[in-house]
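Below, each chain spelled out in residue letters.
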Amino acid sequence: MGSVLIRGGRVITAADDYVGDVFIENERISLIGESLDVDADKVIDASGKYVLPGGVDPHTHLDMPFGGTVTIDDVESGQTSAAFGGTTCHVDFVIQPQGSTFAEALDEWRSKANGKQMIDMGYHMAITDLDEGGSLEELAGLPDQGVTSYKLFMAYKGALMVDDETLFRSMQVAADSGALVMVHAENGDAIDVLVKEALAEGKTEPKYHALTRPPETEGEATNRAIQLARVAGAPLYVVHVSCQEAVEPIALAREKGWNVWGETCTQYFFVDYTFLERPNFEGAKFVYTPPPRDKANQDVLWNAVRTDILSAVSTDHCAFNWDGQKTLGQDDFSKIPNGGPGLENRLQMIHEFGVRAGRISLNRMVELLSTNPAKLFGLYPRKGTIAVGSDADVVVFDPDKKHTISASTHHSRVDYNLYEGTEITGSPEVVLLRGNVLVENDELVASPGIGQYVARARFGEELKAETAVA
Ligand code: URP
Ligand code: ZN
Ligand code: ZN
């Protein structure tokens, strides 16, 4: 790759906002200044544009077997869609198959990615089995391989759910190994009872997905995870927070100064319970977990991201086609594969309805979509900011570009879009990964293989450029 000069853009990080030039050499930002006098192989005129650090999405599921099928986006299609949306790095979940070691699981996930990567990526390890498969000793060694976060599902009984003993033992290991514990916080036992009762009463439509997972089950599990993490001495990150009942215990923990963080996902700001009631099985498009909630929660979530009760916005991209995959649950809502798409539209939607609507500042948007995920998941300052020495993962963003979001133009393989028909102003114009142009003027420029696996730093540690790529 040659050198690149991004000239005259409005550079926005979590902390700064100024007009300047950004010069890139050897995949990193080497110089930032006013009217830089340098020769470059490529010059990008960014006047009137924002120059943002590439998005970091800490929560995605690509090529993942789930709910009797496999997500429709593999690494190549999912990451291509991410690139068009201005996301240049993500952390995907390795799901430990029951009976497999963590090493086997990691090998399997790496082989799915090999040769297909369009953006940089890391892995979280989702622990499902500490009896027959992975051991506590093996778990403790994962941070040495750059896998510095452990995920536990407190729901999906009979599939991914772990009991409290497994959760707590994993937290104890994390406290020693320097990993961050992530939880999907819902009370899986109570939900299982409610699902069985609903089905026994002949309640099979998509809306029962939400009605059998009330917000209290999310609030209870969130509080339980927070208290157990306190006992174990582990840092905790609560994924996909959807409602007031879960925001409240996180707010309390953070007020007390405990090591607790939370994220929400783009969809929880926009999709509410009524979407599940759409006729002709269209509601199935919105079957993801936790489910879309009553609309009143949307203001609660905006307030939480504005005030740093919640510290990140991810997508939880877990895409299944409506036709052929969601329809597995045509006669039984519990058989609808859980998950929704969104990797491509996070920046557009949060810019439109967060920044342009006056709910959050541009700096806060960058912090939520890039800087905080990079800091929490051991990628900062290599990722998550525009600074000398950082990877040149840069989005030149046109704040005036109009676009209508649609499945007919998005780059994911999935056959619908959660935000179909939404008109937004502001979209990525050029997206660079380590100085390589991925997307320019709505065209994919790079080829698969350009993305790399990033070995992440332990929780609370910085990732220096020279230590990173495995
Ligand atoms: O419905 C969802 N969210 N599917 C992906 C798995 C998870 O719970 O994150
Ligand atoms: Zn989850
Ligand atoms: Zn998820």
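Bear in mind the structure is a predicted one, so any value in this text is a computation, not a measurement.

Cut-offs applied
- Residues numbered from 1 in each chain as written.
- Chains lettered and ligands numbered in written order.
- Predicted model: local features only at pLDDT ≥ 70, side-chain atom pairs only at ≥ 80, totals over all residues.
- Heavy atoms only, no water.
- Helix = DSSP H or I, 4+ residues; strand = E, 2+ residues; numbered from the N terminus.
- Near = heavy atom within 4 Å.
- Polar contact = N/O pair within 3.5 Å; in protein donor to acceptor, adjacent residues only side chain to side chain.
- Areas by Shrake-Rupley, 256 points an atom, 1.4 Å probe, with all protein chains shown as cover.
- Nonpolar A, V, L, I, M, F, W, Y, C, P; charged D, E, K, R; others polar.
- Axes fitted to C-alpha atoms, helices over the stretch in contact; angles between N-to-C directions.
- Parallel < 35°, antiparallel > 145°, perpendicular 65-115°, else oblique.
- Left-handed = near helix turned anticlockwise from the far one by under 90°.
- Contact = heavy atoms within 4.5 Å.
- Core = buried A, V, L, I, M, F, W, Y, C linked by side-chain atoms within 4.5 Å.
- Buried < 20%, exposed > 50% of the residue type's maximum accessible area, 1.4 Å probe, protein only.
- Pairing = 2+ DSSP bridges.

> Explain unusual backbone geometry to me, please; I cannot follow it from the model alone.
With the exception of glycine, the majority of residues adopt a negative phi angle, and the majority of peptide bonds are in the trans configuration. For the peptide bond that leads from Thr289 to Pro290, omega is -10°, which places it in the cis range. Relative to the helices and strands, Pro290 is located in the loop between α9 (266–270) and α10 (296–306). Of note, the amide linkage connecting Tyr380 to Pro381 takes the cis form, showing an omega dihedral of 5°. Positive phi values are uncommon outside glycine, yet His240 reaches one of about 30°. With respect to the helices and strands, the residue His240 is situated in the loop between β13 (236–238) and α8 (244–255). For Arg434, which is not glycine, the phi torsion reads 45° and is therefore positive.

> Help me understand the site of ligand 1, please; the structure alone is not making it clear to me.
Of all residues adjacent to ligand 1, which total 13 residues, the nearest are Tyr156, His184, Thr289, Asp316 and Asn338. With respect to ligand 1, the backbone of Thr289 contributes an N or O atom lying 2.8 Å from an oxygen atom. Calculation on ligand 1 without its partners gives an accessible area of 260 Å², and the protein chains cover 100% of this total. Counted by class, the shell around ligand 1 contains 5 nonpolar, 7 polar and 1 charged residues.

> Whenever I open this one, the packing of helix α7 (residues 215–232) against α8 confuses me. Can you help?
The description of two packed helices rests on the angle between their axes and on the distance between the axes. Taken N-terminus to C-terminus, the directions of α7 and α8 make an angle of 25°; their axes are 7 Å apart at the nearest point. If you check the angle between α7 and α8, you find them roughly parallel. Between α7 and α8 the crossing geometry is right-handed. Along its contact with α7, which presents Pro215, Glu216, Glu218, Gly219, Thr222, Asn223 and Ile226, the element α8 presents Glu245, Ala246, Pro249, Ile250 and Ala253. Partitioning the contact of α7 with α8 into residue classes produces 6 nonpolar, 3 polar and 3 charged.

> It is not clear to me how the nonpolar core should be interpreted in this structure. Could you clarify?
Most often, soluble globular proteins have nonpolar side chains that are buried together. Grouped together as the largest cluster of nonpolar side chains are 124 residues, with contacts concentrated most on Met171 and Leu236. If near-sequence neighbours (up to four positions away) are discounted, Met171 is found in contact with Val181, Ala225, Leu228, Ala229, Ala232, Ala234 and Leu236. Ile6, Ile29, Ala392 and Val430 belong to the second largest nonpolar core, which has 16 residues in total.

> What is the right way to read the environment of Glu282 from this model?
With respect to the element layout, Glu282 can be found in the loop between α9 and α10. In sequence terms Glu282 and Pro206 are 76 residues apart; their C-alpha atoms lie 8.6 Å from each other.

> Teacher, can you tell me more about the sheet that holds strand β12 (residues 180–184) here?
The strands that make up a sheet are held in pairs by hydrogen bonds between backbone atoms, and each pair lies either parallel or antiparallel. Across the sheet, 8 strands lie side by side as β6-β9-β10-β11-β12-β13-β14-β15; this open sheet has parallel pairing. For this open sheet the edge positions go to β6 (55–60) and β15 (312–314), each flanked by a neighbour on one side alone. Direction aside, the axes of adjacent strands within the sheet are offset by 30° on average. The pairing of strand β14 (residues 260–265) with β15 spans 3 bridges and is parallel. In the strand pairing of β15, Glu263 is matched with Ala312. Sitting on the sheet, helix α2 (residues 102–113) touches β9 (87–95) and β10 (120–126), and the angle it makes with β10 is about 150°.

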